[in-house]
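One letter stands for each residue in the lines below.
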Amino acid sequence: MNPEPPILFYEPDYYIFSNFSAFALEWKGHLCMTSEHAYHTEKFEDETIKEMIRKTRSAHDALLLSKEHRESYRKDWDEVKLGIMKEILHAKVAQHPYVKKKLLDSGSRLLVEDSWRDDFWGWGPNKDGANHLGNIWMKVREEVRVQEGL
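Here's what I pulled together on the structure shown here. (Residues numbered from 1 in each chain as written. Predicted model: local features only at pLDDT ≥ 70, side-chain atom pairs only at ≥ 80, totals over all residues. Heavy atoms only, no water.)

## Topic: the overall build of the protein chain
Alright, step 1. Helix and strand counts for the protein chain stand at six helices and four strands.
Alright, step 2. Starting at the N terminus and walking to the C terminus, you meet the elements of the protein chain as β-β-β-α-α-α-α-α-β-α.
Alright, step 3. Taken against the 2.2 N^0.38 rule, which gives 15 Å for 150 residues, the C-alpha radius of gyration of the protein chain at 15 Å falls within 12% of a compact globule.
Alright, step 4. Taken along its principal axes, the extent of the C-alpha atoms in the protein chain is 45 × 35 × 30 Å.
Alright, step 5. The buried share of the protein chain, reckoned over its 150 residues, is 47%. (Helix = DSSP H or I, 4+ residues; strand = E, 2+ residues; numbered from the N terminus. Rg over C-alpha atoms; globule rule 2.2 N^0.38 Å. Buried < 20%, exposed > 50% of the residue type's maximum accessible area, 1.4 Å probe, protein only.)

This is the structure:
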């Protein structure tokens, strides 16, 4: 058991781990304003919808636009979304030295998306959710350590 308290994403010092944080991302040859934008583009095969999402002015707008087109999600979305998120987080770390430093500086602390409503990506209202985003960040942290020889 880790004696250090978990890092909750919505603490000011660690908001960078949120997909809504303002770190632009070069993703598959396109600039996305946030990792949230990149994630939602991956739900679709239709390039028109992808471009509309890339052009939204906020991560929240990217999410809403994605939901408006949910009938067009790629058929394998549920099977591939966790792996895609991991690729996006690796890209965020590779493109932003500050994010990489904060991730490595987090040591071995538990990373938790402190979402009060999302019990898939975060820990949800009862703090017993899957915390997939936190778990993926911890995997990325370990993989970056190995890559860096740390």
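## Quick notes on the side chain of R109
Alright, step 1. When you line up the elements, R109 lands in the loop between helix 5 (97-105) and strand 4 (111-112).
Alright, step 2. Buried charged residue R109 carries no salt bridge. Nearest counter-charge: E4, at 4.7 Å.
Alright, step 3. A distance of 2.7 Å separates a polar atom in the side chain of R109 from the backbone oxygen of P5. (Lys, Arg positive; Asp, Glu negative; His and termini not counted. Salt bridge = Lys/Arg side-chain N within 4 Å of Asp/Glu carboxyl O. Polar contact = N/O pair within 3.5 Å; in protein donor to acceptor, adjacent residues only side chain to side chain.)

## Some thoughts on the nonpolar core
Alright, step 1. If you look at the biggest cluster of nonpolar residues, it comprises 34 residues, and the most contacted ones within it are F17, L111 and W137.
Alright, step 2. The set of elements that each furnish at least two residues to this core consists of strand 2 (25-27), helix 1 (35-41), helix 2 (47-55), helix 3 (59-68), helix 4 (77-95), helix 5 and helix 6 (132-148).
Alright, step 3. The biggest single contributor to this core is helix 4, with seven residues.
Alright, step 4. Look past the residues within four positions of W137 in its chain and what remains in contact with it is F9, F17, L89, K92, V93, V99, L103 and L111. (Core = buried A, V, L, I, M, F, W, Y, C linked by side-chain atoms within 4.5 Å. Contact = heavy atoms within 4.5 Å.)

## Quick notes on the packing of helix 4 against helix 6
When two helices pack together, their arrangement is given by the angle between the helix axes and the distance between those axes.
Alright, step 1. Two numbers describe how helix 4 lies on helix 6: the axes approach to 10 Å, and their chain directions differ by 50°. Put simply, helix 4 runs oblique to helix 6. As helix 4 packs across helix 6, the resulting crossing turns out to be right-handed. Together, L82, M85, K86, L89, H90, K92 and V93 of helix 4 and H132, L133, I136, W137, V140, E143, V144 and Q147 of helix 6 make up the contact between the two elements.
Alright, step 2. Taken together, the residues of the contact of helix 4 with helix 6 sort by class into nine nonpolar, three polar and three charged. (Axes fitted to C-alpha atoms, helices over the stretch in contact; angles between N-to-C directions. Parallel < 35°, antiparallel > 145°, perpendicular 65-115°, else oblique. Left-handed = near helix turned anticlockwise from the far one by under 90°. Nonpolar A, V, L, I, M, F, W, Y, C, P; charged D, E, K, R; others polar.)

## Describing the packing of helix 4 against helix 5
Alright, step 1. The geometry of helix 4 relative to helix 5 is characterised by a closest axis approach of 5 Å and an angle of 110° between their N-to-C directions. Overall, the two elements helix 4 and helix 5 adopt an arrangement that is roughly perpendicular. Across the interface between the two elements, K92, V93 and Q95 of helix 4 pack against P97, V99, K100 and L103 of helix 5.
Alright, step 2. Counted by class, the contact of helix 4 with helix 5 contains four nonpolar, one polar and two charged residues.

## Some thoughts on the packing of aromatic side chains
Alright, step 1. Applying the stated rule across the entire model yields seven aromatic pairs.
Alright, step 2. Judged by centre distance (5.9 Å) and plane angle (20°), the rings of Y14 and F17 are stacked. Take Y14 and F17: they sit in the same class, and that class is buried.
Alright, step 3. Taking the ring centre of F120 as reference, the NZ or CZ of K81 above it sits at 4.6 Å.
Alright, step 4. Here the basic side chain of K102 rests over the ring of Y14, its NZ or CZ set 4.7 Å away from the ring centre. (Phe/Tyr/Trp six-rings, centres within 6.5 Å; stacked < 30°, edge-to-face > 60°. Lys NZ or Arg CZ within 6 Å of the ring centre and 35° of its normal.)

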